[in-house]
Each structure stands twice: as structure tokens, then as C-alpha cells.
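# Reading the structure
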Amino acid sequence: MIMKVFITRVIPEAGRRLLLDAGMTLTEWKEKRSLTAEELIEQCKEHDALLSASTTINAEMLEACTNLKAIALMSVGFDNVDLDAATKAGIPVSNTPGVLSGATADTAFLLMLATSRKAFYQHKKIAKGEWGFFEPTADLGIELNGATLGVFGLGNIGIEMARKCMGAYGMKVIYHNRNRNWEAEQKLNAHYVSFEELLAQSDVLSVHTALTPETKGKFDRAAFQQMKDTAIFVNTARGGIHNEPDLINALKDGLIWGAGLDVTNPEPMDANNELLDLPNVCVLPHIGSATVQTRDAMAQLAAKNILAGLAGKELPNIINPEVYS
Ligand SMILES: NC(=O)C1=CN([C@@H]2O[C@H](COP(=O)(O)OP(=O)(O)OC[C@H]3O[C@@H](n4cnc5c(N)ncnc54)[C@H](O)[C@@H]3O)[C@@H](O)[C@H]2O)C=CC1
Ligand SMILES: O=C(O)C(=O)CO
């Protein structure tokens, strides 16, 4: 029987090929705008499986599309999906863990280093014709050698970030997590600390948890107040984990030294956002996993999950396993 897969964006050929070679019929959303909620429902009703690249999947859609045999997300994060509703609708959902950890940690590392040297600000100055002259005390950065990296969420990406920082700058690693990660602690010689200690001791604080009700708005004014005024805040996880007005004020009031963000709240960020004008800030448009190799691997993994679901098997990267009980 021919199975039909709906794909919410154009995905790398590596993933499409796996599905096509298995005899699937594909419909890709090729328009330069996101699907509306109604369009998503309309499409999903006509298909057997959904491969979703950062589309909101709400209860209404899931209740309307119980025909779906699998939803494969092309992401690790699943805060855009109503997982309880998916389970209630009997639809298995998968994500793409692991394959994007290196690329996303590279992005966190890039933001840390670029922020520490005000790199994006300097680039903008040149573009505006403001190369200037040699001023021994102007626009200085800070060095990272021997600094303390604080990881909030020592999972796949947090571990990769810690490795890179240790290798490049001999950074000391401390972390705070829901649960202690004993294995990573041993491998990285990382020290578990309370959230308050993480705030107080980090020279660079890098966020790597999922966005959940517990982490939403976790980095607010009260948190920034407890950080060093020389600290760099890096967030490549989700914009909702920091409170943006509080972050702007923390930077302007000198509570912290700088910020590097791959994720904002909302996305896309408004072009007039104050953060874009601050010298010690570097912002990227959510490109954590955006390399050729990583996007190929993500598309392939998502495709493998779809194929398993359509063959009546458990999705290898299932995130709502209770759907099978
Ligand atoms: N910027 C980008 O393009 C990308 C962003 N991400 C984001 O990064 C997040 C992390 O990804 P992975 O490292 O692969 O996930 P992971 O599940 O391997 O690691 C997350 C860690 O956070 C910990 N954690 C969860 N809730 C916590 C809490 N309330 N307090 C303290 N620790 C908590 C978990 O125990 C786990 O160790 C994803 O959820 C996603 O939102 C992921 C990939 C790319
Ligand atoms: O995987 C994720 O969660 C992302 O944000 C995009 O790769």
C-alpha cells in the first residue's frame, strides 16, 4: 500500500531519498511562509505520517488527525508539540537527539567567543564606515583562558559545549541539572552545584535545557543579579528560558557583561530589538543545527522514524512511549 507523508518544509535530499526509496509519496510545503493551523490539519487529514520541521502541533490538530501513524520532528526540542494530546490521540511522536549536539555546541562556543570579543558589534561598526583609530582602552573584550563554564542542563549538547571549552581554554566546568549526571561528571571532571552557585560562580553561563514549565523564565532579573558583572550569558536552547526585558536591563545596568543568543522570544526577533544595538551582545537567528552534515543526519533520522511508524513498529526516537501502553 502506498503511504503518504506530509513534510512541513523542504528537507535535505538525504531524508527525502530514504522515504522515496521506501516507496512513500511525499508532499512538501514549499511556500516561503509557515503553514497556518488550518492548512496543517487539512494536509494531515490526507496523509499517513507527518515530518515536522518546527511547526506548532496543538491539541486541535492532533484530535482532528488521528489517522496519523507517526509524527517525526526534525528537532530535539518538542516544546512546540502538545505531547499529552498526541498520546491521547494515539499518535507516536519522535525527535532527533544526538545528531545535532556537536553543531549546536559549536554555535554556543561561537557565541561565547564572539561575545567575549564584541565581534558582531565590531563588524557592524566597519559596515557603517566606523573602523576608527587605535585606542588602547576602547571596546576591549575579555579572555576565556581558565574561566569557569557553568552549564545549565548537562545533557547531550551541554556535554559537547563543556568538552569544547575545556579543550580550547582549559575551562573549569560546573553544572546544574535536574538530576546529577555522574558519568559526565567523571568524564569532564565537572562539579555539580546548586542553581544559586551556578549563577554566582560562572564566568560563562551556557543554557542547554529544554523549555519546560520549570525552566520557562528561569533567567530573570533575580537570576542576573546573582551573576558576576563580568559574566557572559549564552542561550542556544530556547528563548523562553530567559526573560528578555530582564536580560536587556541586566546588560544595560551592568549586572552581567554580555550575552550570546541563538534563540529569542519571540522568534523571529524584531529588527528594532534593543539587544541588536548593545556592544556586548551577539544574536543569531536560531541556526544551532544549521550545517549541511547535521541537517542531513536530522532528516535521515526523522525519515527512519516515519518508516518505522508506517511499518507498525515503535519509533526508534519515541518521545511519548506511553502511547504504546
Ligand atoms: N539552537 C538550536 O538550534 C538547538 C536548540 N536545542 C535545544 O537544546 C535543548 C537541549 O538539547 P539536548 O542537550 O539534546 O537535550 P538533553 O535532553 O540531552 O539535555 C537536556 C538536559 O537538561 C536537563 N534538564 C531538563 N530540565 C531541567 C531543569 N528543570 N533544570 C535543570 N536541568 C534540566 C536534563 O536532565 C538534561 O540533562 C533542546 O531541548 C532544545 O530546546 C537543541 C538543538 C538545536
Ligand atoms: O533541534 C532543535 O530543538 C532545534 O532547535 C533546531 O535544530
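Just so you know, these numbers come straight off a predicted model, no measurement behind them.

## Comments concerning helix H1 (residues 13-21)
- Listed in full, the buried residues belonging to H1 are Ala14, Gly15 and Leu19. Buried residues along H1 cover an arc of 135° about the axis, so they all sit on one side.
- Positive phi shows up at Gly23, right after H1, with a value of about 85°.

## As for the site of ligand 2
- In the vicinity of ligand 2, the residues found are Ser75, Val76, Gly77, Leu100, Arg238, His286, Ser289 and Met298.
- Separating an oxygen atom of ligand 2 from a backbone N or O atom of Val76 is a distance of 2.7 Å.

## Focus: the layout of surface pockets
- Its boundaries defined by the atoms lining it, the second largest pocket holds a volume of some 480 Å³.
- What lines the second largest pocket is a set of 17 residues, and nearest its centre among them are Gln122, Glu135, Ala138, Asp139 and Leu140.
- Taken together, the residues that form the lining of the second largest pocket break down as eight nonpolar, three polar and six charged.

## Remarks on the pattern of salt bridges
- Evaluated as defined, the whole model comprises 16 salt bridges.
- The salt bridge involving Glu39 is made with Arg33; its shortest N-O contact spans 2.8 Å.
- Its relative accessible area of 35% is what places Arg33 among the partly exposed residues.
- Between Glu185 and Arg180 there is a salt bridge whose closest N-O contact spans 2.9 Å.
- Since its relative accessible area comes to 38%, Arg180 is described here as partly exposed.

## Topic: the sheet that holds strand E2 (residues 25-28)
- Overall, parallel pairing links the five strands, which are arranged E2-E1-E3-E4-E5 in an open sheet. Of all the strands in the sheet, the pair left with one neighbour each is E2 and strand E5 (93-94).
- Across the sheet, H1 lies against strand E1 (4-7), E2 and strand E3 (49-52), angled at about 145° from E2, the strand it touches most.
- Against the sheet, helix H12 (residues 292-310) contacts E1, E3, strand E4 (70-73) and E5, and its axis sits at roughly 165° relative to E3.

## Thoughts on the domain arrangement of the chain
- Taken domain by domain, the chain consists of domain 1 (4-97 + 292-324) and domain 2 (101-283).
- Placing the centre of domain 1 and that of domain 2 at their C-alpha centroids yields a distance of 32 Å.
- Contacts between the two partners involve four residues from domain 1 and, on the opposite side, four residues from domain 2.
- With both chains or domains summed, domain 1 and domain 2 bury close to 330 Å², and 51% of this area falls on carbon and sulfur atoms.
- It is Asp79, Pro97 and Thr294 in domain 1 that bury the most area against domain 2; as a group they hold 80% of the surface buried on that side.
- For the pair domain 1 and domain 2, the interface holds one salt bridge.
- Measuring nitrogen to oxygen at the nearest pair gives 2.9 Å for the salt bridge that ties Arg238 to Asp79.

## Focus: the UniProt feature "domain: D-isomer specific 2-hydroxyacid dehydrogenase catalytic" (unreviewed entry) in the chain
- UniProt's feature table lists "domain: D-isomer specific 2-hydroxyacid dehydrogenase catalytic" (unreviewed entry) at residues 5-320, given in the numbering used throughout.
- Taken end to end, residues 5-320 is 37% helix and 14% strand, and its two terminal C-alpha atoms sit 20 Å from one another.

Quick notes on the rules
- Residues numbered from 1 in each chain as written.
- Chains lettered and ligands numbered in written order.
- Predicted model: local features only at pLDDT ≥ 70, side-chain atom pairs only at ≥ 80, totals over all residues.
- Heavy atoms only, no water.
- Buried < 20%, exposed > 50% of the residue type's maximum accessible area, 1.4 Å probe, protein only.
- Helix = DSSP H or I, 4+ residues; strand = E, 2+ residues; numbered from the N terminus.
- Arc of directions from axis to C-beta.
- Near = heavy atom within 4 Å.
- Polar contact = N/O pair within 3.5 Å; in protein donor to acceptor, adjacent residues only side chain to side chain.
- 1 Å grid on protein atoms, 1.4 Å probe; cavity = no way out; pocket = protein on both sides within 12 Å on 5 of 7 lines; lining within 4 Å.
- Points joined across faces, edges and corners; volume = space filled by probe spheres on them.
- Nonpolar A, V, L, I, M, F, W, Y, C, P; charged D, E, K, R; others polar.
- Salt bridge = Lys/Arg side-chain N within 4 Å of Asp/Glu carboxyl O.
- Pairing = 2+ DSSP bridges.
- Contact = heavy atoms within 4.5 Å.
- Axes fitted to C-alpha atoms, helices over the stretch in contact; angles between N-to-C directions.
- Domains from an automatic or database assignment.
- Buried area = accessible area lost by both parts, 1.4 Å probe.
- UniProt positions renumbered as here; feature names shortened; annotations may be inferred.

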